[in-house]
Amino acid sequence: MGRRRRRRKPGKWTVILLVGVAVWFVLEGRFYFPKYIRPPGDAEPVVVELDTTSYCHCRKCCSYKWLAFIPYQKTGTFSGRIKKIGVTSSGATVRPGSIAADISIYPYGTIMHVPGYGYGRVEDTGGAIKGRHIDLYRPNHWFARSWGVKKLKVKVWLPPKEDPPQQEAPANVGS
Ligand SMILES: [Zn+2]
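Residues numbered from 1 in each chain as written. Predicted model: local features only at pLDDT ≥ 70, side-chain atom pairs only at ≥ 80, totals over all residues. Heavy atoms only, no water.

(A) Summary view of the nonpolar core. Core analysis: the biggest nonpolar cluster contains 26 residues, and Ile 99, Tyr 106, Met 112, Val 114, Ile 134 and Val 154 have the highest contact counts within it. Mapped by element, the contributors of at least two residues to this core are strand S1 (46-55), strand S4 (98-100), strand S5 (111-114), strand S7 (133-137), helix H3 (141-147) and strand S8 (150-157). With residues up to four places along the chain from it excluded, the contact list for Val 114 reads Thr 52, Ile 99, Ile 134, Leu 136, Trp 147, Leu 152 and Val 154. (Core = buried A, V, L, I, M, F, W, Y, C linked by side-chain atoms within 4.5 Å. Buried < 20%, exposed > 50% of the residue type's maximum accessible area, 1.4 Å probe, protein only. Helix = DSSP H or I, 4+ residues; strand = E, 2+ residues; numbered from the N terminus. Contact = heavy atoms within 4.5 Å.)

What follows is the structure in structure tokens.
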């Protein structure tokens, strides 16, 4: 009765688990790395009270459907088109720190600090995101749902205007 050597090969379940983790990481892991976003050094923020909700990249939050293995857009401007999962309306990839807002008020590139969420940047839009309502990206549906609806005092740094006809206009936010 010699000692059995059991260390030659990893077991079947170890391999399945490792492959599973690798597949998850390729498909979903990229959504978990937060973006590094900080406001411009010298600018003073405007503090605005906004309704905040949260969303993720799933088919419920982004209203797409699966046709076999092809995701397509169900509603909205791009109805019927192929959906690029994880890509925002501005073209940036969606990661924690991506915020959807009404871009007629808060254009792409607006930096915000939301209590409980941290710094984020406006990179996305949404059919239901109008006026003083922002949608914060979180990397899975459970996180997104657990945020609920919160009215919060949000610090806002609007991006610099390209051609300022009247400088020092206190922007059309707050009041
Ligand atoms: Zn979702």
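(B) Local environment of the coordination of the zinc ion. Taken together, Cys 56 (SG), Cys 58 (SG), Cys 61 (SG) and His 141 (ND1) make up the full set of protein donors to the zinc ion, lying 2.0 to 2.2 Å away. Coordination at the zinc ion comes from four donor atoms whose angles at the metal span 97 to 120°, giving a geometry best classed as tetrahedral. Within one chain, the residues donating to the zinc ion are spaced in sequence as C-x1-C-x2-C-x79-H. Cys 61 sits in the partly exposed class, given a relative accessible area of 23%. (Donors = N, O, S within 2.8 Å, 3.2 Å for Na, K, Ca; no water. Tetrahedral: all angles 85-135°; square planar, octahedral: opposite > 155°, others 65-115°.)

(C) Representation of the pattern of salt bridges. One pass over the structure, following the stated rule, counts four salt bridges. Salt-bridge contacts for Lys 35 lead to Glu 123; the nearest nitrogen and oxygen are separated by 2.8 Å. One end of the pair, Lys 35, is in the loop between helix H1 (12-27) and S1; the other, Glu 123, is in strand S6 (residues 118-124), and 88 residues separate them in sequence. Considered together, Lys 35 and Glu 123 belong to a single accessibility category, that of buried residues. Linking Lys 153 and Glu 49 is a salt bridge whose minimum nitrogen-to-oxygen distance equals 3.4 Å. Here Glu 49 lies in strand S1 and Lys 153 lies in strand S8, a separation of 104 residues in the sequence. Classification of Lys 153 by relative accessible area gives exposed; the value is 55%. Counted as one network, the salt bridges with shared partners bring together Lys 35, Arg 121 and Glu 123. (Salt bridge = Lys/Arg side-chain N within 4 Å of Asp/Glu carboxyl O.)

The values are spatial; any link to function lies outside them.
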